[in-house]
Structure formats: C-alpha cells, structure tokens
There are 4 protein chains.
Amino acid sequence: MALELDGIWAPLVTPFAEDEALDLEALAFNVQLYGQTPLRGYVALGTTGEFVHLSDEERGQVIETVVRAARADGRPVIAGVGGHATRVAIEQARRAADAGAAALLVWPPFYYKARMQAEALIDYFAAVADASPVPVILYHIPQNTGVNLSPAVVGELAAHPNIAGIKDSSGQPAQTIAFLREGGPRFRVFVGSTTALLAGLAAGAAGGILAAANLAPYECCEVYDHARAGRWAEAAEIYRRVAAVDEMVAGMGLGALKAVLDMLGYRGGHPRRPLVRPDEPQLDPLRLLLREQRLLGC
Amino acid sequence: MALELDGIWAPLVTPFAEDEALDLEALAFNVQLYGQTPLRGYVALGTTGEFVHLSDEERGQVIETVVRAARADGRPVIAGVGGHATRVAIEQARRAADAGAAALLVWPPFYYKARMQAEALIDYFAAVADASPVPVILYHIPQNTGVNLSPAVVGELAAHPNIAGIKDSSGQPAQTIAFLREGGPRFRVFVGSTTALLAGLAAGAAGGILAAANLAPYECCEVYDHARAGRWAEAAEIYRRVAAVDEMVAGMGLGALKAVLDMLGYRGGHPRRPLVRPDEPQLDPLRLLLREQRLLGC
Amino acid sequence: MALELDGIWAPLVTPFAEDEALDLEALAFNVQLYGQTPLRGYVALGTTGEFVHLSDEERGQVIETVVRAARADGRPVIAGVGGHATRVAIEQARRAADAGAAALLVWPPFYYKARMQAEALIDYFAAVADASPVPVILYHIPQNTGVNLSPAVVGELAAHPNIAGIKDSSGQPAQTIAFLREGGPRFRVFVGSTTALLAGLAAGAAGGILAAANLAPYECCEVYDHARAGRWAEAAEIYRRVAAVDEMVAGMGLGALKAVLDMLGYRGGHPRRPLVRPDEPQLDPLRLLLREQRLLGC
Amino acid sequence: MALELDGIWAPLVTPFAEDEALDLEALAFNVQLYGQTPLRGYVALGTTGEFVHLSDEERGQVIETVVRAARADGRPVIAGVGGHATRVAIEQARRAADAGAAALLVWPPFYYKARMQAEALIDYFAAVADASPVPVILYHIPQNTGVNLSPAVVGELAAHPNIAGIKDSSGQPAQTIAFLREGGPRFRVFVGSTTALLAGLAAGAAGGILAAANLAPYECCEVYDHARAGRWAEAAEIYRRVAAVDEMVAGMGLGALKAVLDMLGYRGGHPRRPLVRPDEPQLDPLRLLLREQRLLGC
C-alpha cells in the first residue's frame, strides 16, 4: 500500500507496568482498539511514546509490536528515531525501517545546542535521509529540544528527495505557515499540537500527529474530515472540545495522559520515572472536564 | 454607545515623517479610510503603534486624533498604557481615559523581570484597574516583554469588575484556550496574533486585535464574520491568505508593515529609529506575496 | 578634574518615602555618608536606582542632587540614560550631561527584541555617542533587557571615540573576557555583578559598578585595592564575604537592598510598586548573614 | 587510595578517528601524557568527552581505558552517567562503577523539561545516589540541558549521604556561591567553567573540572595551587592567560578543542558528526592567541 502522508495519526503512548517493565501486550491491545477508529496510522516512539526512556532493544520491540498489530487493518507505522551523533541516528533509522516502519520521524541532536546552527542541522538531517530506506519527517519540538529549525533550514531540507515533511509541535501557527511556504507543494506539514490543529489545517497542513488522538481518536479524525470537506463549523465545534482537554492534559504531563487512557478503556499504564502519574485527587478536575466535553461517559 | 468587546480591531500604526516627527494628519487620514471598513474599532498605542517610542504628550495627541477621527463613524478607541512603576501606569490610564479612550490595553512592567511573579503582577494590574475610569484589557505579549501571564494569574485578575479581558499575542492557541477556561464566561479573550486567529475564534475568543487588520481590514473582518456565522470554509480560505502575508511581514518588522500600508494607499510613513523601513529590493518578495494573495492589485 | 574610569562606583538606590514620593533628602544624605568612603564615584539612575520608575523631571532632580552632594568631595557622577527610540535616548543624554553627569551609562532599546540585531544596536549606540557631550558606557544587562550585546557588536562600538567602555552585568566572566578582548586596550570594562568581581578584575576589568557597593562600600573598595596591589589573598577573603551577601540580596530584589541600607544607617527607603520591601520575618536570614559576614554590627 | 574531591580534574576528550571510530589508543596516550602533570584526576564521559555520542559498550571501553591508564600513577577517575529515565541512569551508574569509576558525575534528565521541577529532580538524583556504589556528583550545565538545578533543590540533595558535590558549569559565580551556601561544609562544589575558576575558588569551591585542563593542565593546576596557598596574584596572572584561550575555544566548540590538542602534542582527533573540526584558516586566530598566551611554543 502506498504511504499517504496526511490525515490524523496517533503518537502512541508506550505502556509500562507499575514496575516500569515494558508492557507490549497493553500496547498491542491499544492498537487493536484503535483499529476500529478512522486513524490514518500510528507513530511509535514519539515524545508521547517516551522514546528517550527506552533501550534500543525495547525500541525494536515497540516498533515490531505496533507494526504487527497495525497489519490487521493495513495501517502504516511511523517510527521516531534520532541521536546526538549522526551515526547513531542513521543506525536507528536502519533498524526502525528493518522493524517495519513505513517512515521515520527524526529528532535533531539537542545536547550541544550552541553548535546546532543551520550547517550542522542540514548536515545531520540530510545524512539520515540519505541513509534511510524509508521517507523521513523532520521533528520540530523546540520546547523539549531547545533547538529551533528555522524556516530557511526547513526550506533547504525540503529539497531532499527522501525528506517528505515535518511535524511542527511548536504550537505556533506562524511556524506552520512558514514551513508550508518554505517547504513547497510536495512537502507535508503535520500539526504536532492539538491546540494548533484547526489553524494548521486551515493554513494547509496535511494532517496531524496529535497526543490527543490517543484519547479522542474519533473526534480528532472528525475535525480533520469536516475541515477537508469544508464543514468547518462542525470541525470547529469538535476542535473546541478536544483542545480544551488537550490543554489541561498537556499541562499535567504524560502521566496524566496515561491515566486518562485507563479511564477510557485503553491501557495507558505508567510512565517511567522520574515521570509520574498524578494521584486521584489531582485527576478529578480532568475527569470532570472530560465529562463536560463529552469525551468520557457517565 | 455601549462598548462591545468583540469583533476585529486594528492596532493602528503611528505614522512618522522621514525626520521622525509625529504625523497626526497621516494618522487621521488612515482612520478616515478605515471608516469605510467594517472594523469594530481601533487600538491606539499598541505594539504596532510604537507606544514605547512616544512621549507622554505625543501619546495624548495620538489618542485624541484617533478618537476625533473615529467619532465620525461612532467607533470606539482602546488605548495602550503601562509603566514599569504602578503609579506611572495609573497616571497614563487616567490621561488616556481623559483623552477619550473607551478602554485600555495594559502592559505588565517588564524591566525587573525576576520580580514579576504572580503577586507583583496581580498587585499591578488590580491597582490600574481600580484607578481606571474605563475597562481594562490585560496585554500578554511575552515575546516582547519577557513576562509571562500564567493562566492562574489571569484567572485571578478576571474576577476584578473592571478587568474586561485579555489580548493574547503569544501566537499560541494553547494559551488562548487556557485564558478562556480560567477567565470564565464574562472575560473577553482577544487574539493578538493573526496567524492564531482562526484557532482562537474556534476556541471561543471574542475577537481579534491584529496588526494585519491595518493592511487587510476587510479580509480580517470577513474571517471573523464568516466564522461567527458558521461559514468556516469561507473563513479558512481568507485566513490562509492573510496569515501568509502576516507571517512574512512579522518576520520583517514594523518598518515593513508601514511600507506595505504605503503600497496600499494608506499612509504608513516611517518608524522611529533604531527601527527602519526595509529598502525596495527587500520589499520585492513581500510585494509579490501581496499580489499572490490578492491583497494588492496589479 | 579628569574622569578616571576605573575603581569602584556605587549605583545609588533612589530612596522613596512610604507614599512613593521621591526622597531627595535621603539621597543626598546617603551621598554624604559615602563621601567618607573611598568610592571612586556614583552612578545615578542605574538598575539599582530604579531608572525606569522615574519621570524625566525626577531623573533630572536625581542627577542634580547627586552631582551637588558629590561635589563636596569632588567625585564624578555617571548617569543612566536610554530609550526605546534613539531620539529619546539622545534627548536624555543631553539632559543628563546638562545636569552635570560626567559620563553616561546607556541602555539598549529592549521592547522590539526581535529587531535588536547587530545593525540596529550599532546604529543606536553610535547615534547616542555622537550626540552626547560626555563619554558613553554601554550597558549590558541581558537578564533584564532580554537583549544581548555580542562581543562583535561591542568590538565595533569600541572604535567610536566617544564610547569609553561597558558595564557587564551578565554575571558571566566569559562575557567580561570577551568584551576585554574585542574592546582593546583603550576600552574600559566594568564588572556590573558583585559575584563576578574577582574574576573580572583578574581578567583585566577596569573596575566595578556594583549594587553591593551601596551596602559595603569599604569592602568593595578593599577588594579592588588589594587586587590592584597584587594582594589577591586579602582581596579574595573580603570578596567572599561581600559576594555571599550580594547573592542573597540579589535573590530577594531591590526592596531587600533598601531594607539592608536602613539597617546599616543609610536611608534606603521604599521601592516603587509593584516592587516591595520584604517584611521583617523575610529579612531575618539576611540580617543573620550580614552579621556572619561582619557587614552589620551586633 | 581515598578519594579526595578537590583540585583540578581534566574532563577528557574522547578521540575519534577521521571515520569516527573510537580511538582508545589515543585516549590512553593522552592519559599517559597527563600522568606527568599535577592533575588530581580525570573525568571520563563528560560534555567534553562526548558522552552523548557513545554507545553503552563504548562508554564502558572509555572508562576502562582511562582507569587502566590512570592506574599507572594512582589517579582516580570520575565517570559521567545519566539518562532521561531514572532506571537508565541507575544502570549506567552501576556499570560505570563496575568499570572502575571512583565517583560519578550525574546529568539530570533533559527531554521532558516542563516536568523537571523540584520533586522530579530530587527523586531522580536521590534514586541514582541510592543505587550507586560510589559517590555521586550532580551536574549543573543549564546551557546544554535547559534544566536548572535551583539552590533549594541542591540544598536538599546535599543532605544525601552518597551525594558528594556538584559540578557547576553555568559560568556564573553567583550560582557557585549559592550552591556553596545551600550545600553546607561537607558538600564539594567544583567549578565547571574555566572563566569562572578564580571567582569560584575565591568563594570556596573545592576545585575545578575544566575543559581547559585538557589543553593547559599545568597552568590550571598552578592557578589552583597558587590560590590555595594564598598567592592570588600569581593565580590571577595565569588565570588570565588560560581564560582568554578558553573563552575563544568555547565559542568555537569541541572540534576546536580537539584541534588545539593536536597542536600541543596530544591526540585530540575528530569529534563525531554533526560536530566538526574547524578548518585551518578558522584555527589561525586561535593558534595566534595560544602563542600570545604562551600556551603554545613557536
């Protein structure tokens, strides 16, 4: 099947048991449930998937588990890869492709920040794209990496035949618009922040890779479908509900997202320390909001 | 006339002659032209109006000029005020109200940044609101001030009877959503960034105070009207055109906005140094984009 | 008397009464007391002097009061000036020189941060230096302004005949060293942060303009004199005591510095709101530390 | 031998061949040369050692190589460890101790920055210290991690029996002073920034872990020895020379440090991409400065 880089993708959480062991069964269970939704595909090992908390071996297991579970309904899997050294990112890219990833979401190096200027970033992403057997998507998430991909850098990288697009998780529509302009018509821009989804789609983004798609997959897809069909009023109504929840969950962290997934019948499980699940009293306002926004039944 | 805090407002540029003298005639001329547009009202002395470049006397002249010119068509004027000391902000608030401002847009102090924690910010804004004869709108523009108004601070201030709303110029829909949630139903949230307009309106913002409303007043109002009437497809199409231009203008600065106004038949004039107008070759890509987006005729 | 740009200068606090009225008498009282110390001179209207909290008229009064009081013992006065518009800074520079300032400490514009790149900063500072009747000292305090003066910009400005030096308040010896290298032998670098004083003097700084010189003028001068005379062991011992106090005071803000001055027999008075004086229980650890470091008697 | 946590330590570069292969022979060669210097010990796998560019297997090889080479002259080795997940940091801590590290330099997690508040940081460092067979040193390097260890957090961690100190690479003496105050007498504060060395030693720091100790080991130790013996004038003179070079090298990056080591007869080798060695024309000003400061012969 051809890889269509549009629509709504869920950057899957990676469930851990209370002792922090990787829970591949829970992961497969979630993908099976998502198989009933109109999600276009899955991202394994994104920020939501705690990529940085996993060993290389575990990363391989996660990709394979998701690929296998997704095969049932023919959905593609994008895998997160990256490294502080270019060679590490290249090795991860090859492994992820071997494990069945249809495309890669590639982080910039983010430790030697002062050195991550245009030349180094272009060298890094181009080298990974050269080596990768599958298409590459740039990952722009400056609030976590402290590294900014400028429109000029993205514009230059967009000319690479194996760089297919960017996930813009900055939450700033102005950035999405700049990437669209610099990237040109072939270059796919994914909104990576639920609160910026509607603005991004209106500006021409190809789709969304959204943490909120874990907890509201139907609603996120409805926003996308309505918007694509020109039914923006319907899109906006649903956007409002999902964005309100996303804004609160994002403020509480990944542990809160996992707790919500458990409320909803998925298996969110635990994050790995030092991340933690909020305790029950802390979750009360969130539970209330989910009900208000009709994302959780009574 | 009752003050309706919704719709699209233009934060007017303050035109200066080439020798940097305040050009009140050009300012009045622009307001007259805007009188034919469906703009809800004007903001004098915002960031776009070079508030920080003017003397107190000039500020009074600017407000009076805009109020007088706006009276012709019965539109209200919001005036930007603020100070690093609370007492300065209070004095400016009184003067601006005396000069005819219907509401105030109030900056936080932003020099002693490390001290601008919740308590100091609440003390400052509440004191200004206590003293102001007209309603107060908080001004959130962290990229310029380096001061962040947290949702909790905004929530507390929203309870003040004379604090009517906030202008969120962060460009991040997640912030707009948080302010809407914390502010409650009476509290008006204005989008202060054109690129975030559509997301903000969809999330429930009351309107927009947009630099782009200077150069595309009809289009900004159309986005708003279509969105309010549920015609989001039409809203989105126009949003795309305006946001693309805004993104480029914002990247070039106020001097570029003023040059564009001159292209369009308004009188943008010069900024005050050290800000400068881009030279003609630098303006070429912008002129091209304006034509592409049908905001400038051939 | 020739202006010697070295040694230790006190950036004087500006005392306000409890009702925030400017207390010029208290200011003159302090300068008289400092007349018995070996301070080289005074800076009126620096960050410590709440420059941003004063009207133009008050600024004139402050400079004149300090100049008059300092004349008794023949000490020079540097005045802080600056503006977001170049023309404002130029006007302030002229007024300050008229009021008797022997040199000026000049802030960069800091509202349109994204525009404050090399060209704009060089244009601004050069224009102020061109117009100023007295020598100009650049003011580098990025933690308050959000504007960074790069070594390259400082190097270029150092060639201007009326730019005499820089006050580096970054607190980072690496910056001081870079400014010394780029500025060349004629260019005077003042340490603007007490905790960085010893490193700065060792690296070749000409002197210090230090908030702590308000509360420990003798000790600050001793550090300088010992260091100049090669008695670094003595310098280091006293540095340790002063820096420990400075670090705590700086963490509590200007209100704490003013409270300490009152403890010591000076007249610190109140800051202007929204800054506040800490209350007595908050001051206890500070009082204890002052005694431990032998800066306050029993 | 007892572990004395003071004096000057070199955070060794990890040499790579031109094809980026790990060059353990060059590493051992460097340690042998350093065996003739008065360095107190070595840090393997710090920022200078490209910790983030190495696989777990390579990290073990680096520690073992340095430990073996250092055994010749009885010097201890501190190893850098850390992880985004606590369990990863714990596993690395155990391996590093097994490989012969006498103490550990522990990074904070730095991807989920918004979550790295006091509670998470204390939980993480305490867990690593609980599990580590050897003493732990906190690693504060906010310019690379984007994570700030507040004095309060450090103060709380300093009470842990297996947390021996902190490396403060912020370059800000004010931070060093705060850590000294909060840490108490048992807690060892290492200056991690050459330009802040003299201020740090004067304030009471136990020693320095300095990139510049790779290229000027004798001079760094002389600064320390003179300062400890109260010969601060001599300390300051040498500090000035080393700090000037360090400031330029730091501005050019690790590739420049490695090139300088090659000039000096060590084997610096190459960094791993995307880091690069400056080319020869770029190195000319650095070579000149090294000669001026008498750190490189003619």
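Note that the structure is a prediction, hence the values are computed from the model and not measured.

J.: Run through the pattern of salt bridges, naming residues and quoting values.
T.: Taken as a whole, this structure holds 64 salt bridges over all chains when the rule is applied. Between B:Arg273 and C:Asp123 there is a salt bridge, with the nearest N and O atoms lying 2.9 Å from each other. Of this pair, B:Arg273 sits in the loop between α12 (254-263) and α13 (280-292) while C:Asp123 sits in helix α4 (residues 118-131), placing the two residues on different chains. Taking the relative accessible area as the measure of exposure, C:Asp123 reaches 27% and is therefore partly exposed. Across the salt bridge formed by D:Arg40 and D:Asp6, the nearest N and O atoms sit 2.0 Å from each other. One end of the pair, D:Arg40, is in the loop between α1 (24-34) and β2 (41-44); the other, D:Asp6, is in the segment before β1 (7-11), and 34 residues separate them in sequence. Each of A:Asp56, A:Arg59, A:Glu91 and A:Arg95 takes part in one network of salt bridges that share partners.

J.: Account for the relation of the copies chain B and chain A, with residues named and values stated.
T.: Its rotation angle being 180 degrees, the transformation that places chain B on chain A also includes 0.0 Å of axial translation and leaves an RMSD of 0.0 Å. Between the two chains, the operation in question is that of a two-fold axis. Both copies contact each other with a shared surface, as 100% of the interface residues of chain B are interface residues in chain A too.

J.: An account of the sheet that holds strand β7 (residues 188-191) of chain A is requested, with residue identities and associated values reported.
T.: Residues and elements named next belong to chain A. If you trace the 8 strands once around the closed barrel, you get β1-β2-β3-β4-β5-β6-β7-β8, paired in parallel fashion. Adjacent strand axes in the sheet meet at a mean angle of 25 degrees, parallel and antiparallel pairs treated alike. Direction of pairing for strand β1 (residues 7-11) relative to strand β8 (residues 207-209): parallel, over a ladder of 3 bridges. Looking at the pairing, Trp9 lines up with Ile209 of β8. Of the strands in this sheet, β5 (136-140), β6 (163-168) and β7 touch helix α7 (residues 173-183), which is tilted by about 170 degrees from β6.

J.: Please provide a residue-by-residue account of the UniProt feature "active site" (unreviewed entry) in chain A, values included.
T.: In this structure's numbering, the residues bearing the UniProt feature "active site" (unreviewed entry) are A:Tyr139 and A:Lys167. Maximum C-alpha separation among the annotated residues is 5.1 Å over a sequence range of 29 residues, consistent with a single clustered spot. Here A:Tyr139 is to be found in strand β5. Overall, A:Tyr139 belongs to the buried group, its relative accessible area being 2%. If we ignore the near neighbours within four places in the chain, the residues touching A:Tyr139 are A:Thr47, A:Leu105, A:Val106, A:Trp107, A:Pro108, A:Leu149, A:Lys167, A:Ser169 and D:Tyr111. At 2.6 Å, the side chain of A:Tyr139 and the side chain of A:Thr47 are in polar contact. Along the chain, A:Lys167 falls in strand β6. If we ignore the near neighbours within four places in the chain, the residues touching A:Lys167 are A:Leu105, A:Ile137, A:Leu138, A:Tyr139, A:His140, A:Phe190, A:Gly192 and A:Ile209.

J.: Which residues make up empty space enclosed by the protein, and what are the values?
T.: Residues and elements named next belong to chain B. Evaluation of the coordinates by the stated rule reveals 2 cavities of 30 Å³ or more. If you add up the space inside the largest cavity, you get close to 90 Å³. Forming the walls of the largest cavity are Leu45, Phe51, Asp56, Arg59, Gly60, Ile63, Gly80, Val81, Gln92, Arg95 and Ala96. If you list the elements that add at least two residues to the lining of the largest cavity, you get α2 (56-71), β3 (77-81) and α3 (86-98). At 4 residues, the largest contribution of residues to the lining of the largest cavity is made by α2. The class makeup of the residues in the lining of the largest cavity is 5 nonpolar, 3 polar and 3 charged.

Reading guide: rules and limits
- Residues numbered from 1 in each chain as written.
- Chains lettered and ligands numbered in written order.
- Predicted model: local features only at pLDDT ≥ 70, side-chain atom pairs only at ≥ 80, totals over all residues.
- Heavy atoms only, no water.
- Salt bridge = Lys/Arg side-chain N within 4 Å of Asp/Glu carboxyl O.
- Helix = DSSP H or I, 4+ residues; strand = E, 2+ residues; numbered from the N terminus.
- Buried < 20%, exposed > 50% of the residue type's maximum accessible area, 1.4 Å probe, protein only.
- Least-squares fit on C-alpha atoms with pLDDT ≥ 70 in both.
- Contact = heavy atoms within 4.5 Å.
- Pairing = 2+ DSSP bridges.
- Axes fitted to C-alpha atoms, helices over the stretch in contact; angles between N-to-C directions.
- UniProt positions renumbered as here; feature names shortened; annotations may be inferred.
- Polar contact = N/O pair within 3.5 Å; in protein donor to acceptor, adjacent residues only side chain to side chain.
- 1 Å grid on protein atoms, 1.4 Å probe; cavity = no way out; pocket = protein on both sides within 12 Å on 5 of 7 lines; lining within 4 Å.
- Points joined across faces, edges and corners; volume = space filled by probe spheres on them.
- Nonpolar A, V, L, I, M, F, W, Y, C, P; charged D, E, K, R; others polar.

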